[in-house]
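If you want the building blocks of each chain, they are given just below.
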Amino acid sequence: MKKLFLLLLTFTVAFSLFKNSYSQDTVKIMTYNLLFYNLNNDPRDYYFRKTILATQPDIIVVQEIEFQNVVNNFLNRVLNYYTPGLYKAGTFIDGPSLDRALYYKQSKFNFVINSPISTPGGRDINAFIVQHIPTNKQLILFGLHLKAGSYPSNMEQRIAEVNALRGFTNTLNPGTDFIALGDFNIYNSYEIAYQNLLEVQSQNEGHFIDPINISGQWNSYNYRQYHTQSTRRRSFGGGSTGGLDDRFDLILYSKSVSEPGGITYIPNSITEFGNDGNHYNDSINQRPNTAVPDSIADALHYASDHLP
């Protein structure tokens, strides 16, 4: 029998975990760019709470969070606000910039380690390892936030960051279960950084698989149902504007996760939470939103410029 892992990344993606005929489970894994979450009592906590209640992730990896006290604030004032003790935070490492943190439901997982991977340009990639309690199965989650921007220098830095990640995953044993999730800031399938992530090499299993196989320029109308940035059309409180038109937030997984047994991705389970495909270049809370209630669309709009 299998164990199911459901990844919610604004995308709900599901994974299957196998141990024995008595162990089976489904979990949701989410990635969420919190948009410079760096206040002890951020007024956006109210909106983040609504999103978390609506999605109920078992693991959440966040980007753009600063300082240990702020990591604790998101844990206590958002994740555990209604149910104290539901979530725990993994070890936080205050890196050079735009940090990442991992939270998990302690009833399902134990936290093992946070091991940062240094990249040129100063943006670390965090290798978070968690252990699923019923099966003792370990999963590596690479939390990342690649360099933003469409200039050649920005693309070159994304290539260098991805190559640092591949330098790590290429050394992992065949059959290792891992995923990469976060804000990739990649605009199309032709970017070298994206191609390097997916490149299959004969001597290792360090490549990633994108469950949403779309080619070309992603910020086009034809791919509107996959967009995750921006939730806002006009500027307020920082962040990107212009409406929903970029596919920046991704969850990719290893060859092992693509295969039956062990941790297995459940096909078609990724969901860009709140994106109904009808808000291209528009604010996510422009009525109507057929994917979520109005209150949730408002929460997504006011909390961050990214969808989870």
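To be clear, the structure that these remarks concern was listed above.
Numbering of residues starts from 1 in every chain and runs along the sequence as written. Note on the predicted model: pLDDT of at least 70 is required for a residue's local features to be given, and 80 or more for side-chain atom pairs to be given and counted; whole-chain, interface and lining totals, by contrast, use all residues. The side-chain quantities take in all heavy atoms of the structure and omit both hydrogens and water.

1. Structural notes on unusual backbone geometry
One can expect most non-glycine residues to show negative phi and most peptide bonds to be in trans.
Inference 1: With an omega of 5 degrees, the peptide bond between Gln229 and Ser230 qualifies as cis.
Inference 2: Here a helix means four or more residues in a row that DSSP labels H or I, a strand means two or more in a row labelled E, and each is numbered from the N terminus. Counting through the fold element by element, Ser230 comes out in the loop between α4 (192-198) and β11 (249-253).
Inference 3: A cis amide bond links Arg287 to the next residue, Pro288, at an omega of -5 degrees.
Inference 4: Topologically, Pro288 is positioned in the loop between β12 (264-266) and α6 (294-303).
Inference 5: Here Glu64, not a glycine, exhibits a phi torsion of approximately 60 degrees, which is positive.
Inference 6: Structurally, the position occupied by Glu64 is in strand β4 (residues 59-65).
Inference 7: Residue Glu64 is classed as buried on the basis of its relative accessible area of 8%.
Inference 8: Positioned with a positive phi, Phe67 is a non-glycine residue whose angle comes to about 75 degrees.
Inference 9: Within the fold, Phe67 resides in the loop between β4 and α2 (68-79).
Inference 10: Only protein chains enter the calculation, and the probe is 1.4 Å; a residue is then buried if its accessible area is under 20% of its type maximum, exposed if over 50%, and partly exposed in between. Classification of Phe67 as partly exposed rests on a relative accessible area of 41%.

2. Concerning the packing of aromatic side chains
Inference 1: Pairs were defined over the aromatic rings of Phe, Tyr and Trp, the Trp ring being its six-membered one, requiring ring centres within 6.5 Å. Orientation was assigned from the angle between planes: stacked under 30 degrees, edge-to-face over 60, tilted for the rest. Applying the stated rule across the entire model yields 19 aromatic pairs.
Inference 2: Ring centres of Phe74 and Tyr103 lie 5.5 Å apart, and the angle between their planes is 45 degrees; on these two criteria the pair is classed as tilted. Pair noted here: Phe74 is in helix α2 and Tyr103 is in strand β6 (residues 100-105), with a separation of 29 residues, a long-range link.
Inference 3: Taken together, a centroid distance of 4.9 Å and an interplanar angle of 90 degrees make the contact between Tyr194 and Trp218 edge-to-face. One end of the pair, Tyr194, is in helix α4; the other, Trp218, is in the loop between α4 and β11, with 24 residues separating them in the sequence.
Inference 4: According to the relative accessible area criterion, Tyr194 is buried, its value standing at 3%.
Inference 5: Taking the relative accessible area as the measure of exposure, Trp218 reaches 1% and is therefore buried.
Inference 6: Between the NZ or CZ atom of Arg49 and the centre of the ring of Tyr81, over which it lies, the distance is 3.6 Å. Placement of a positive charge over a ring is assigned whenever Lys NZ or Arg CZ falls within 6 Å of the ring centre and within 35 degrees of the normal to the ring plane.

3. Here's the deal with the packing of helix α1 (residues 45-55) against α6
Inference 1: Here α1 crosses α6 at 130 degrees, and the two axes come no closer than 8 Å. As far as their axial angle goes, α6 and α1 are oblique. As for the relative orientation of α1 and α6, their crossing is left-handed in sense. Two secondary-structure elements touch here, α1 through Tyr47, Phe48, Lys50, Thr51 and Ala54 and α6 through Ser295, Ile296, Asp298, Ala299, Leu300, Tyr302 and Ala303.
Inference 2: Side-chain classes follow a simple rule in which Ala, Val, Leu, Ile, Met, Phe, Trp, Tyr, Cys and Pro form the nonpolar group, Asp, Glu, Lys and Arg form the charged group, and the remainder, Gly included, forms the polar group. Broken down by class, the residue content of the contact of α1 with α6 amounts to eight nonpolar, two polar and two charged. Note on definitions: angles span 0 to 180 degrees between N-to-C directions of axes, and those axes are lines fitted to C-alpha atoms, for helices only across the stretch in contact. Roughly parallel covers angles under 35 degrees, roughly antiparallel covers those over 145, roughly perpendicular covers 65 to 115, and oblique covers all other angles. A clockwise turn of the near helix away from the far one marks a right-handed crossing, whereas an anticlockwise turn of less than a right angle marks a left-handed crossing. Contact definition: two residues touch when any of their heavy atoms are within 4.5 Å.

Remember that the coordinates give geometry; whether it matters functionally is a separate question.
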